[in-house]
Each structure stands twice: as C-alpha cells, then as structure tokens.
Amino acid sequence: MRIDVLTLFPNMFKGFLEESIMARAIKNSLVEINLIDFREFSNNKHHKVDDYPFGGGAGMVLQVQPVYDALTSIEGYKEALKIMVSPQGETFSQNKAYELSTNKHLIILCGHYEGYDERIRDYFDLEISIGDYVLTGGELAAMVLIDAITRVKPNVINKDESHLNDSFSDNLLEHPHYTRPREFMGKEVPEVLLNGHHAHIEKWRYDQSLKRTKERRKDLYKKHKGGKNLE
Ligand code: ADE
C-alpha cells in the first residue's frame, strides 16, 4: 500500500515514521509513505499557500492552486482514494480503518489555517475527522489514520493477527489483562486466569468485555450483536 501525504510540515512525521511498528512496516515494505510539501507547488513568489477569505472574516484560507498542483503531480493520483482530514468530515472508526486498509493507494491532505478554499473539496473523495475537537492542523489526524490503517494490514503486527481481538472489532471493549507478578501490593490476578481452563478463561474474558462496554460505552454495547438481549 502506498500513502502520499500532502502537508506543509513534513518534519512533524519524522518520529512517527521512524519508530516502532510504523518503522518496521515501512522497512518490510508493507506500507510506503511519501511526504509531499505542497508549499513547493505555490505559484506565489513568497511561496504563500494561504490568503484572506473573500467576504472578510478572521483567519486565513488554504488556496486551491498549490493543493491542486501538488495533487496532480502524484503518479496515479486519478485512481488513488483521495482523503482530506478536517473537523467537518465523517468520524474515523476502526471499521473505517479496515475499509481503507484494503486500498492500494491513498492520498491524504492535511489542512492548516482557518479552513480550505471550498473548491479544494472537488478534488477529493472523502473527508475524515478524528473527533469533535479542532487541531491546529491536519498532520496529527493524518498520523492517526495512517497508524490505525497500517496496524490492521496483514503481517504488520504479528502472524496471528492479534488486532482481530482489539477493542471495537466486535463493538466490544477489550477485557482486562494481567501479567507477572501474580500479586502486587495485595492486588491479585483473578484466579480463573491461572488455572489453564481455556473455556472458562474465554467466558470470563467475554463477560468482562460485556460488563466494561456496558459501563463505559452504552452506545457500543447496544450495537454489539447479542447486546440487545442482555440487560
Ligand atoms: N484538522 C483539525 N482538526 C481536525 C480533526 N478533528 N480531525 C481531522 N482533521 C482536523
């Protein structure tokens, strides 16, 4: 999978792409990330990419020209799925991460300033928000998308595809986990996890997932299949 990112701040991605699972996925050619600084495509002699809003108002607006020229310079851009990140988009989710992970080529545009010139939207297929809050720019949102998409791709995490048990994969939050020591300052690991009875462990984990989801996320609990039949 290839992901091209249109950004004014490519350095923001450095640590993210050079550490841990992302770095390994890139090294193993499971994902290829290209950072494109679209300021370099500005026609303006000062390399400006923003301007005052027609009609007045506070803040600056991202211009269409540099974005269009940067986008159309990308090989295969016509066939790629083109995504803008913005607080006005559809809210990102685990399901969306799975769906997007099957694409061969994604292009992600990171906005800045007060907003996008509305005509930029004509060149993109999809607008995604990572939540109901406003960031100073789209870079963190793009990293969230790239991270969540990459980790569900085959062979990125490990061979048994441990992400299939993640929170949200079945509209349930994950059950509690424990590791050594068996006892810490009087707090003990639940007995059921120590006796090696797999059916009992599975049942305990499922019950814990249900309980936790019901307590913390009523919205997910209602969506979980079977959840409706449980009080
Ligand atoms: N840019 C600024 N805020 C954002 C958000 N919440 N999601 C995606 N992109 C953004």
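What this report covers is the structure whose coordinates are included nearby. The model shown is predicted, which means the values in this text are computed figures rather than measured ones. (Residues numbered from 1 in each chain as written. Predicted model: local features only at pLDDT ≥ 70, side-chain atom pairs only at ≥ 80, totals over all residues. Heavy atoms only, no water.)

**Describing the overall build of the protein chain**
So, step 1. Along the protein chain, the regular secondary structure elements total 7 helices and 10 strands.
So, step 2. Its C-alpha atoms give the protein chain a radius of gyration of 22 Å, clearly above 17 Å, the size a compact globule of 231 residues would have.
So, step 3. Principal-axis analysis of the C-alpha atoms gives the protein chain an extent of 70 × 40 × 40 Å.
So, step 4. Burial statistics for the protein chain: of 231 residues in total, 41% are counted as buried.
So, step 5. Taking as baseline every contact in the protein chain between residues at least 6 positions apart, the subset at least 24 positions apart corresponds to 73%.
So, step 6. A total accessible area of about 14200 Å² is found for the protein chain, and carbon and sulfur atoms account for 51% of it.
So, step 7. Taken together, the 31 basic and 35 acidic charged side chains of the protein chain have centroids lying 5 Å from each other. (Helix = DSSP H or I, 4+ residues; strand = E, 2+ residues; numbered from the N terminus. Rg over C-alpha atoms; globule rule 2.2 N^0.38 Å. Buried < 20%, exposed > 50% of the residue type's maximum accessible area, 1.4 Å probe, protein only. Contact = heavy atoms within 4.5 Å. Areas by Shrake-Rupley, 256 points an atom, 1.4 Å probe, with all protein chains shown as cover. Lys, Arg positive; Asp, Glu negative; His and termini not counted. Charge placed at Lys NZ, Arg CZ, Asp CG, Glu CD.)

**Some thoughts on the site of the ligand**
So, step 1. Close to the ligand lie Val85, Ser86, Pro87, Ile128, Ser129, Ile130, Gly131, Tyr133, Val134, Leu135, Gly137 and Ala141.
So, step 2. Contacts to the ligand include Ile130, whose backbone N or O atom sits 3.0 Å from a nitrogen atom.
So, step 3. Contact with the protein chains covers 95% of the free accessible surface of the ligand, which is 260 Å².
So, step 4. When each cavity is represented as a set of grid points, the ligand is found to reside in the largest pocket.
So, step 5. Elements that contribute at least two residues to the shell around the ligand include exactly strand S5 (81-91) and strand S8 (126-129).
So, step 6. If you tally residues by element for the shell around the ligand, the top one is S5, at 3 residues.
So, step 7. Taken together, the residues of the shell around the ligand break down into 8 nonpolar, 4 polar and no charged. (Near = heavy atom within 4 Å. Polar contact = N/O pair within 3.5 Å; in protein donor to acceptor, adjacent residues only side chain to side chain. 1 Å grid on protein atoms, 1.4 Å probe; cavity = no way out; pocket = protein on both sides within 12 Å on 5 of 7 lines; lining within 4 Å. Sits in = over half its atoms within 2 Å of the grid points. Nonpolar A, V, L, I, M, F, W, Y, C, P; charged D, E, K, R; others polar.)

**Considering unusual backbone geometry**
So, step 1. Going from Arg180 to Pro181, the amide bond is cis rather than trans, its omega being 10°.
So, step 2. As for its position among the elements, Pro181 is in the loop between helix H5 (139-151) and strand S9 (183-184).
So, step 3. One non-glycine residue, His47, lies in the positive phi region at around 60°.
So, step 4. Classification of His47 by relative accessible area gives partly exposed; the value is 42%.
So, step 5. A positive phi angle, close to 45°, is found at Met185, a residue other than glycine.
So, step 6. Locating Met185 in the fold gives a position in the loop between S9 and strand S10 (187-188).

**Notes on the nonpolar core**
So, step 1. In terms of nonpolar packing, the biggest core is built from 28 residues, with Ile3, Phe13 and Ile146 touching the most fellow members.
So, step 2. Every element with two or more residues in this core is listed here: strand S1 (2-7), helix H1 (14-18), helix H2 (20-27), S5, helix H4 (94-101), strand S6 (105-110), S8 and H5.
So, step 3. In terms of residue count, the dominant contributor to this core is H5 (7 residues).
So, step 4. Excluding residues that lie within four positions of it along the chain, Ile146 makes contacts with Ile3, Val5, Phe13, Phe16, Met22, Ile33 and Ile108. (Core = buried A, V, L, I, M, F, W, Y, C linked by side-chain atoms within 4.5 Å.)

**Some remarks on the environment of Arg39**
So, step 1. With respect to the secondary-structure elements, Arg39 resides in the loop between strand S2 (32-37) and strand S3 (50-51).
So, step 2. By relative accessible area, Arg39 is classed as partly exposed at 27%.
So, step 3. Beyond its immediate chain neighbours, meaning those up to four positions away, Arg39 contacts Leu8, His47, Lys48, Val49 and Tyr113.
So, step 4. Within the local environment of Arg39, its side chain forms a polar contact with the backbone oxygen of His47, the two atoms lying 3.1 Å apart.

**Describing the pattern of salt bridges**
So, step 1. For the structure shown, the criterion picks out 10 salt bridges.
So, step 2. Here Lys14 ties to Glu18 by a salt bridge, and the two come within 3.5 Å at their closest N and O atoms. Here the residue Lys14 and the residue Glu18 both occupy positions in helix H1, the gap between them amounting to 4 residues, near one helical turn.
So, step 3. Two residues, Lys96 and Glu90, come together in a salt bridge whose shortest N-O distance is 3.6 Å.
So, step 4. On the accessibility criterion, Lys96 (9% relative accessible area) is buried.
So, step 5. Of the residues examined, Glu90 reaches a relative accessible area of 39% and is grouped as partly exposed. (Salt bridge = Lys/Arg side-chain N within 4 Å of Asp/Glu carboxyl O.)

**Re H5**
So, step 1. With 13 residues, H5 extends 18 Å between its outermost C-alpha atoms, agreeing within 8% with the 18 Å of an ideal straight helix rising 1.5 Å per residue.
So, step 2. Where H5 is concerned, the buried positions are Glu139, Ala141, Ala142, Met143, Leu145, Ile146, Ala148, Ile149 and Thr150. (Expected span 1.5 Å × (residues − 1).)

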